[in-house]
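# Coordinate analysis (summary)
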Amino acid sequence: MKKTLILQAPAKINIGLWVKFKRQDGFHELGSIMQTISLHDIITLNETAEPGITVSCSRPGVPLDSTNLAHRAATVFFDQTNIHPAISIHIEKKIPVAAGLAGGSTDAAAVLIGLNRLFDKRLTVADLMHMGATIGSDVPFVIHGGLAAAEGRGEKLAFHEPPRPPLTVVIAVPTGVAVSTKWAYENYLPGNNEAKERSFNQILEAYRDRNLDALKKLVFNDLESVTLHRYPEVLRIKERLCASDEGVVMMSGSGPSVFGLFADKRSAVRAVKNLDGLPVDVFVEHTVKKHF
Ligand code: ATP
């Protein structure tokens, strides 16, 4: 009988993003704290009688060909395990696209995890993370999930226990604004790193301690200077979400999504009220633990 598997693919936020310098290979050396959250896509894998890989998606505009990261993940998995591909992948898209929430990467991660289970290959998490690194630099992190301090291009990961109890996370995404990650990095001019090195080490500690007052003073995202300047509507969302002065509010990755960390749902809902009237999609979620 043909098998089916349904998996959740969680989004991630960057709690701070430090763009250290541009490397010889053209990529940027980064420092970031990454956290998976409860907002997720749903991936359904169906074994098929016909050979090949097909992708469908609930959201129009997402590519369905071999450029879809879920498709790429399946290709890598079948190539490396010498299994003849015969699979359909359906993506129920809940994560906003091109919003700095790793939507494509997390779909790829779920496909690798799911195919490993469906075909009973018993690859370890480390094996899957290694495979994922060939698809995109965020993929190894979302395979593991939870909380990590990331370096390199985002692939050198040190995992930690996420804060307990979980923090409430507000995600606010301006409608009609898509930011190219490549554009944001190309337009960033790295500056003095010394003070950032010091505060970056303290960000993880403040976050894990749920010390939002300390975190607010320490946290920074270097790419805000690029994206907030070009897209004032993102700045407006950030200002409104900050207005209640109860959470830590910051752009995630290259944007345009803005997130707020709150100690509880009540303070999160109070902050969300300040977004009334703005063209924005809002999600009230929470931080989650690792996949495995
Ligand atoms: P990151 O934070 O990793 O830079 P992102 O969250 O900003 O990523 P995605 O949602 O992954 O961005 O979408 C970026 C582009 O990737 C989209 O414009 C889309 O064309 C392409 N893409 C490929 N596969 C997927 C997928 N499975 N889901 C969404 N977008 C995909």
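Moving on, we come to the site of the ligand. Near the ligand lie 20 residues; those nearest to it are Ala98, Gly100, Ala102, Gly104 and Asp107. For the ligand, an oxygen atom lies 3.0 Å from a polar atom in the side chain of Asp138. For the ligand, an oxygen atom lies 3.2 Å from a polar atom in the side chain of Thr181. Summarising the interface, the protein chains cover 77% of the accessible area of the ligand, which totals 620 Å² for the free molecule. If you map the ligand onto the pockets, it falls in the largest pocket. Of all the elements, helix α2 (residues 103–118) adds the most residues to the shell around the ligand, at 4 residues. For the shell around the ligand, a count of residues per class yields 9 nonpolar, 7 polar and 4 charged.

Side-chain direction in a regular strand flips from residue to residue, so the side chains alternate between the two faces of the sheet. Burial runs high along strand β4 (residues 86–92): 5 of the 7 residues are buried. As paired elements, strand β2 (residues 28–47) and β4 share 6 bridges and run antiparallel to each other. Across the sheet, Thr44 pairs through a bridge with His90, a residue of β4. Relative to β4, strand β3 (residues 52–57) is paired through 6 bridges, and the arrangement is parallel.

Let us now look at the environment of Phe27. Tracing the sequence through the fold places Phe27 in the loop between β1 (4–22) and β2. Taking relative accessible area as the criterion, Phe27 reaches 38% and is therefore assigned partly exposed. Between the C-alpha atoms of Phe27 and Arg153, which are 126 residues apart in sequence, the distance is 7.0 Å. Other than its neighbours up to four places away in sequence, Phe27 contacts Phe21, Lys22 and Arg153.

Pairing within the open sheet is antiparallel, and its 4 strands lie in the order β8-β9-β7-β10. Single-partner strands in this sheet number two, and they are β8 (248–251) and β10 (280–286). Ignoring strand direction, the axes of neighbouring strands in this sheet form an average angle of 20°. Bridge count between strand β7 (residues 168–174) and strand β9 (residues 258–262): 5 bridges; the pairing is antiparallel.

So, on to the packing of aromatic side chains. One pass over the full model with this rule turns up 5 aromatic pairs. Ring plane angle 35° and centroid distance 6.5 Å describe the contact between Phe77 and Phe119, whose orientation is recorded as tilted. One end of the pair, Phe77, is in helix α1 (residues 69–81); the other, Phe119, is in the loop between α2 and α3 (125–133), and 42 residues separate them in sequence. Both residues of the pair, Phe77 and Phe119, belong to the buried class. With a centroid separation of 5.7 Å and 80° between ring planes, the pair formed by Phe78 and Phe119 is classed as edge-to-face. Taken together, the positions of Phe78 in helix α1 and Phe119 in the loop between α2 and α3 put the pair 41 residues apart, joining distant regions of the chain. By relative accessible area, Phe78 is classed as buried at 3%.

Core analysis: the largest hydrophobic core is formed by 38 residues, its most contacted members being Leu45, Phe78, Ile87, Ile89, Val111 and Leu115. Of the residues forming this core, the biggest block, 8 residues, is contributed by α2. The residues touching Val111, leaving out its near neighbours within four places in the chain, are Ile43, Leu45, Ala70, Ala73, Ala74 and Ile89. If you look at the next biggest cluster of nonpolar residues, it comprises 29 residues, including Ile37, Ile95, Val248 and Met250.

Glancing now at α3. Looking only at α3, the buried set comprises Leu128, Met129, Met131 and Gly132. Take α3 and look down its axis: the buried residues cluster within an arc of 160°, on one side only. Exposed side chains of α3 directed beyond 90 degrees from the buried face belong to Ala126 and His130. Each element contacted by the buried residues of α3 is listed here: α1, α2, α4 (139–144) and β6 (156–160).

Our focus in this paragraph is the domain arrangement of the protein chain. Domain annotation for the protein chain reports domain 1 (4–160) and domain 2 (168–286). Between domain 1 and domain 2, the C-alpha centre-to-centre distance is 23 Å. In this complex, domain 1 contributes 28 residues to the contact, which on the side of domain 2 involves 34 residues. In total, about 2,600 Å² of surface goes out of reach between domain 1 and domain 2, with carbon and sulfur atoms giving 69% of it. Broken down residue by residue, the surface that domain 1 buries against domain 2 is led by Ile15, Leu17 and Trp18, which jointly contribute 25%. The tally of links between domain 1 and domain 2 comes to 0 salt bridges. At the junction of domain 1 and domain 2, the tally comes to 10 residue pairs in polar contact (both at pLDDT 80 or more). Contributing elements (two or more residues each) for the side of domain 1 that touches domain 2: β1, β2 and β5 (147–152).

Reading guide: rules and limits
- Per chain, the residues get numbers from 1 upward, laid out in the order the sequence is written.
- Reporting in this predicted model follows two pLDDT cut-offs: at least 70 for local features of residues, and 80 or more for side-chain atom pairs to be given and counted; totals over whole chains, interfaces and linings ignore these cut-offs and use all residues.
- As a rule here, side-chain values cover all heavy atoms of the structure and leave hydrogens and water aside.
- Any residue with a heavy atom positioned within 4 Å of a molecule or strand is treated as near that molecule or strand.
- Polar contacts, as used here, are pairs of N or O atoms within 3.5 Å; protein pairs need one atom able to donate a hydrogen and one able to accept it. Residues neighboring in sequence count only if both atoms are side-chain atoms.
- The Shrake-Rupley method, run with a 1.4 Å probe, gives the accessible areas here. Residue values count only the displayed protein chains as cover.
- Cavities and pockets were defined on a 1 Å grid built from protein atoms only: a cavity is a group of points that admits a 1.4 Å probe but offers it no way out, a pocket is an open group of points flanked by protein on both sides within 12 Å along at least five of seven lines, and a lining residue is one with an atom within 4 Å of any such point.
- A molecule is counted as occupying a cavity or pocket when more than half of its atoms fall within 2 Å of that pocket's grid points.
- Under the DSSP-based scheme used, a helix requires at least four consecutive residues in state H or I and a strand at least two consecutive residues in state E, with every element numbered from the N terminus.
- Charged residues are taken to be Asp, Glu, Lys and Arg, nonpolar residues to be Ala, Val, Leu, Ile, Met, Phe, Trp, Tyr, Cys and Pro, and polar residues to be all remaining types, Gly included.
- Under the scheme applied here, a residue whose accessible area is under 20% of the maximum for its type counts as buried, over 50% as exposed, and between as partly exposed, the area being computed with a 1.4 Å probe on protein chains only.
- A strand pair is defined by DSSP finding two or more bridges across the two strands.
- What makes two residues a contact is simply this: any of their non-hydrogen atoms within 4.5 Å.
- Only the stretch in contact is used when fitting a helix axis, every axis being a line fitted to C-alpha atoms; angles between N-to-C directions are given from 0 to 180 degrees.
- Only Phe, Tyr and Trp rings are paired, with Trp represented by its six-membered ring, and only when their centres lie within 6.5 Å; those with planes under 30 degrees apart are stacked, over 60 edge-to-face, the remainder tilted.
- To form a nonpolar core, buried Ala, Val, Leu, Ile, Met, Phe, Trp, Tyr and Cys residues must be joined to one another through side-chain atoms within 4.5 Å.
- Regarding the arc, it is the one traced by the directions from the helix axis to the C-beta atoms.
- Segmentation of the chain into domains, including their bounds, is taken from an automatic or database domain assignment.
- In short, buried area is how much 1.4 Å probe accessible area vanishes from two parts on joining, totalled over both.
- For this analysis, a salt bridge means a side-chain nitrogen from Lys or Arg found within 4 Å of a carboxyl oxygen belonging to Asp or Glu.

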